[in-house]
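This is what each chain is made of:
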Amino acid sequence: MKKFEGLLFCTDLDGTLYSNDKTVSKENLASIEYFKSEGGIFTFITGREPKTAKDICKTISPNAPYGCLNGGGIYDYQQDKYLWKIALCDEVSELICLVDEQMPLVGIMLNTGNEIIFSKDNAAMQWFRAVTGVSKITGDYNQVKEPILKVVFAHESGEELDKLARLLASHPLADKFDFIRSEFKLFEILPKGASKGNLLCKMAKLLNIDMEKTIAVGDYNNDVSMIKAAGIGFAVANAVPEAKAAADYITVSNNGSAIAAIINGIDKGVYKV
């Protein structure tokens with residue numbers, strides 16, 4: 001039996017696997033290859049959609065499907081198709097309209113699983129496109145025909161997004177959806193029950209992996225459920241307080257090759273999985 005056989009390692013991307021310059025360190029890449037060569041399953045669970053996750057698949061070659069859309073989908077990049085996905089109910093349009101009318105400076109983006117549609121642009125949305133490299137496809141949110149998998153609101157002010165969160169939480173339909181802060185500048189509406197933690201459980205079942213044999217690492221609020229659900233959960237040193245509080249261990253920062261540090265710790269028996 002190989003050293004890491006039966007283990008499932010799921011990492012977040014931005015702020016965790018990626019360094020601040022949006023690269024993956026040589027140390028991380030070497031450790032990922034070592035983990036896989038010793039029987040481990042290595043993949044990621046991200047807020048990104050498949051269109052903006054292609055490059056990372058080429059870089060790290062995950063040996064399993066990956067989770068996307070902050071818990072809304074499982075994608076097989078080798079077959080280039082969704083294995084599972086969940087859409088928002090049609091009533092989400094009422095919440096989008098509410099934000100559009102009462103907070104007109106907030107950017108609005110829709111994800112259908114196949115396209116990313118920008119309904120209202122602002123500086124935060126421009127930042128998002130610069131970071132992800134996604135093209136600017138515009139469209140009225142009322143005219144989108146495909147099922148919407150998630151809605152992303154964007155603003156450069158954290159206070160504005162806090163205000164937006166309170167506005168959405170006060171709506172009569174709020175309990176039909178889940179809400180998550182996925183970046184400092186981004187706030188999302190997700191289908192009820194969609195979370196990285198629930199998706200980790202679904203992926204483990206799909207791969208026939210015991211949940212006690214799962215490892216997860218992240219840095220932000222949307223990673224908290226995944227960190228808690230894993231057999232052993234890590235937060236990087238640069239993580240928000242909520243992620244650190246949820247973790248079993250706090251490792252080095254995303255700029256310090258955190259994935260390599262964790263795999264090395266497991267290899268040496270520092271962390272028991």
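Residues numbered from 1 in each chain as written. Predicted model: local features only at pLDDT ≥ 70, side-chain atom pairs only at ≥ 80, totals over all residues. Heavy atoms only, no water.

Novice: Whenever I open this one, unusual backbone geometry confuses me. Can you help?
Specialist: Here the phi dihedral of Lys-22 falls at roughly 65 degrees; this positive angle occurs in a residue that is not glycine. Considering the arrangement of structural elements, one finds Lys-22 in the loop between helix 1 (13-17) and helix 2 (26-37). Among the residues examined, Lys-22 registers a relative accessible area of 35% and is labelled partly exposed. We note that Asn-70 has phi near 55 degrees; this positive angle belongs to a residue other than glycine. Positionally, Asn-70 belongs in the loop between strand 3 (66-68) and strand 4 (73-76). For Asn-70, a relative accessible area of 1% corresponds to the buried category. (Helix = DSSP H or I, 4+ residues; strand = E, 2+ residues; numbered from the N terminus. Buried < 20%, exposed > 50% of the residue type's maximum accessible area, 1.4 Å probe, protein only.)

Novice: Got a minute to help me understand helix 7 (residues 196-206) in this structure?
Specialist: One turn of the α-helix equals 3.6 residues, which is why residues spaced by three or four share an orientation. Of all the positions in helix 7, only Lys-196, Gly-197, Leu-199, Leu-200, Met-203 and Ala-204 are classed as buried. Relative to the axis of helix 7, the buried residues are bounded by an arc of 160 degrees and lie together on one face. Two residues or fewer past helix 7, Asn-208 is found with a positive phi of approximately 60 degrees. (Arc of directions from axis to C-beta.)

Novice: How should the packing of aromatic side chains be read in this particular structure?
Specialist: Two descriptors summarise a pair of aromatic rings, namely the distance from one centre to the other and the angle between the planes of the rings. Evaluated as defined, the whole model comprises 13 aromatic pairs. Judged by centre distance (4.9 Å) and plane angle (25 degrees), the ring pair of Phe-4 and Phe-35 falls under stacked. Linking Phe-4 in the segment before strand 1 (8-11) with Phe-35 in helix 2, this pair joins segments that are 31 residues apart in sequence. A residue is classified by how much of its surface remains accessible, and Phe-35, at 0% relative accessible area, is buried. A connected cluster of aromatic rings, assembled from ring pairs, spans Phe-4, Phe-9, Tyr-34, Phe-35 and Phe-42. The ring of Phe-118 has Arg-129 lying over it, and the distance from NZ or CZ to the ring centre is 4.7 Å. Between Arg-181 and the ring centre of Phe-184, over which it is positioned, the NZ or CZ distance is 5.6 Å. (Phe/Tyr/Trp six-rings, centres within 6.5 Å; stacked < 30°, edge-to-face > 60°. Lys NZ or Arg CZ within 6 Å of the ring centre and 35° of its normal.)

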